[in-house]
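Residues per chain, in single letters:
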Amino acid sequence: QVRLVESGGDSVQAGGSLRLSCVASGYPLYMAWFRQAPGQEREGVAAIRDTEPTTYGESVKGRFTISKDWDKNTLYLTMNSLRPEDTAIYYCAATFTLRGDSFDTNEYNIWGQGTQVTVAS
């Protein structure tokens, strides 16, 4: 059974940067970052597939970058120009098969425990 372990969450000032990491114990082909703020639904932030271009949510385009080190089986999310509205718990997600929307939470059956990102104004 594949497990995902996130790290890198922290409290930063607006305009700052963070890099989140997600180590997978297996080799899922499809991985993504989601986030959930208090009282809001979980939303897709960025997704990456084995052989296809990356996908980003509109609110993070140009600021966040998803990448994966295939040798270390580690997924990253580099976040620049952070804003208070980026405050949320960030989750890593993975699946071996993806039939639809990369940002549909129902497509992913493997989730990490989440890491808190807080951006102060």
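Before any of the text, the structure's been laid out above.
First things first, this report covers the structure right here in the doc. This one's a predicted model, so the numbers in the text were calculated from it and none came from an experiment.

What follows is about the pattern of salt bridges. Applying the stated criterion to the full structure yields 4 salt bridges. Residues Arg35 and Glu43 are paired through a salt bridge, measuring 2.6 Å at the closest nitrogen-oxygen approach. Assessed through its relative accessible area of 6%, Arg35 is described here as buried. Overall, Glu43 belongs to the partly exposed group, its relative accessible area being 34%. As a salt-bridge pair, Arg35 and Asp86 come within 2.9 Å of each other at their nearest N and O atoms. Residue Arg35 is located in strand β4 (residues 30–36), and its partner Asp86 is located in the loop between β8 (74–79) and β9 (88–95); the two are separated by 51 residues in the primary sequence. Each member of the pair, Arg35 as well as Asp86, is classed as buried. Counted as one network, the salt bridges with shared partners bring together Arg35, Glu43, Arg63 and Asp86.

Moving on: the sheet that holds strand β3 (residues 18–24). Strand order in the open sheet formed by 4 strands is β1-β3-β8-β7, with antiparallel pairing between adjacent strands. Only two strands of the sheet have a single neighbouring strand rather than two, namely β1 (4–7) and β7 (64–69). The sheet shows a mean angle of 15° between the axes of neighbouring strands, taken without regard to direction. When β1 meets β3, the two strands line up antiparallel, connected through 4 bridges. Bridge pairing links Leu4 to Ala24 in β3.

Right, let's talk about the pairing of β4 for a bit. Among the 7 residues in β4, 6 count as buried, and that is most of the element. Judged from the 7 bridges that link them, β4 and β9 form a sheet pairing that is antiparallel. In the sheet register, Gln36 faces β9, and the bridge partner there is Ile89. Bridge analysis of β4 against strand β5 (residues 43–48) gives 5 bridges, and the strand direction is antiparallel. In the sheet register, Arg35 faces β5, and the bridge partner there is Glu43. Taking the residues between adjacent antiparallel strands as the criterion, β4 and β5 are bridged by 6 residues, where Gly39 takes a positive phi near 75°.

Right, let's talk about the pairing of β8 for a bit. Counting buried positions along β8 gives 5 out of 6 residues, so the element sits mostly inside the fold. Bridge count between β3 and β8: 6 bridges; the pairing is antiparallel. Among the inter-strand pairings, Leu20 is bridged to a residue of β8, identified as Leu77. Of the strand pairs in this sheet, β7 and β8 are connected by 6 bridges, and their pairing is antiparallel. Looking at β8, one finds that Thr65 is bridged to Thr78. Here β7 folds back onto β8, and the loop between the two strands holds 4 residues, one of which, Asn73, carries a positive phi near 50°.

What counts as what
- Residues numbered from 1 in each chain as written.
- Predicted model: local features only at pLDDT ≥ 70, side-chain atom pairs only at ≥ 80, totals over all residues.
- Heavy atoms only, no water.
- Salt bridge = Lys/Arg side-chain N within 4 Å of Asp/Glu carboxyl O.
- Buried < 20%, exposed > 50% of the residue type's maximum accessible area, 1.4 Å probe, protein only.
- Helix = DSSP H or I, 4+ residues; strand = E, 2+ residues; numbered from the N terminus.
- Pairing = 2+ DSSP bridges.
- Axes fitted to C-alpha atoms, helices over the stretch in contact; angles between N-to-C directions.

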